[in-house]
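Residue-level structural notes
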Amino acid sequence: MDLLLSILGISIVIFFVLSMTNGVKKYVKIKPVLWLASKHKIFGMTAASLALIHFVVAIINDSLRLTGLLTLIALLLTGAFGMMFYKLKNKKFYILHRIMGPITFVFMIIHIILNTTT
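Keep in mind the model is a prediction, meaning the values are calculated, not measured. (Residues numbered from 1 in each chain as written. Predicted model: local features only at pLDDT ≥ 70, side-chain atom pairs only at ≥ 80, totals over all residues. Heavy atoms only, no water.)

Helix and strand counts for the protein chain stand at five helices and zero strands. Ordered by position in the sequence, the α and β elements of the protein chain form the string α-α-α-α-α. The C-alpha atoms of the protein chain give 15 Å as radius of gyration, which agrees with the globular expectation for 118 residues (13 Å, within 12%). Projected onto the principal axes, the alpha-carbon positions of the protein chain cover approximately 40 × 30 × 20 Å. A burial count over the protein chain gives 27% of its 118 residues as buried. (Helix = DSSP H or I, 4+ residues; strand = E, 2+ residues; numbered from the N terminus. Rg over C-alpha atoms; globule rule 2.2 N^0.38 Å. Buried < 20%, exposed > 50% of the residue type's maximum accessible area, 1.4 Å probe, protein only.)

Moving on, we get to unusual backbone geometry. Unusually for a residue other than glycine, aspartate 62 sits at a positive phi of about 55°. Residue placement: aspartate 62 occurs in the loop between helix 3 (40–60) and helix 4 (66–88). Assessed through its relative accessible area of 72%, aspartate 62 is described here as exposed. Although it is not a glycine, lysine 89 sits at a positive phi angle of roughly 55°. Position of lysine 89 relative to the elements: it lies in the loop between helix 4 and helix 5 (91–116). Lysine 89 sits in the exposed class, given a relative accessible area of 57%.

Take the layout of surface pockets next. Its volume calculated, the largest pocket comes out at about 970 Å³. Residue lining of the largest pocket: 32 residues in total, with Ser19, Asn22, His40, Thr78 and His97 positioned closest to the centre. Counting only elements with at least two residues in the lining of the largest pocket, the list comes to helix 1 (2–19), helix 3, helix 4 and helix 5. Considering only residue class, the lining of the largest pocket consists of 16 nonpolar, ten polar and six charged. (1 Å grid on protein atoms, 1.4 Å probe; cavity = no way out; pocket = protein on both sides within 12 Å on 5 of 7 lines; lining within 4 Å. Points joined across faces, edges and corners; volume = space filled by probe spheres on them. Nonpolar A, V, L, I, M, F, W, Y, C, P; charged D, E, K, R; others polar.)

What is shown is where atoms sit, not what they do.
In structure tokens, the structure reads:
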């Protein structure tokens with residue numbers, strides 16, 4: 001189960017970082033980066049889905065951590081604000097989505113650091 005948790009965790013980070021390419025598309029005109037940026041929603045939803053699976057496996061494995069729970073909440077809020085902006089076209093949700101992205105990334109880093117030392 002520990003291996004499964006690790007694989008899921010690494011996959012979450014990969015898809016989250018891939019979704020972050022959307023933030024650089026107006027500064028970079030490299031075709032592969034623009035293609036990755038065009039898949040922003042798919043990468044974000046994949047990261048959130050894998051995070052939920054990671055959460056369930058952690059509960060089953062009796063290894064749920066507070067940092068992981070906070071990271072999951074931040075990731076789900078990031079996705080929820082993004083979906084609300086997409087559906088409602090309210091700029092407040094876009095701003096919240098853009099704020100929560102880096103916060104989620106910081107939570108991920110903290111979660112990874114604290115789990116590799118124990």
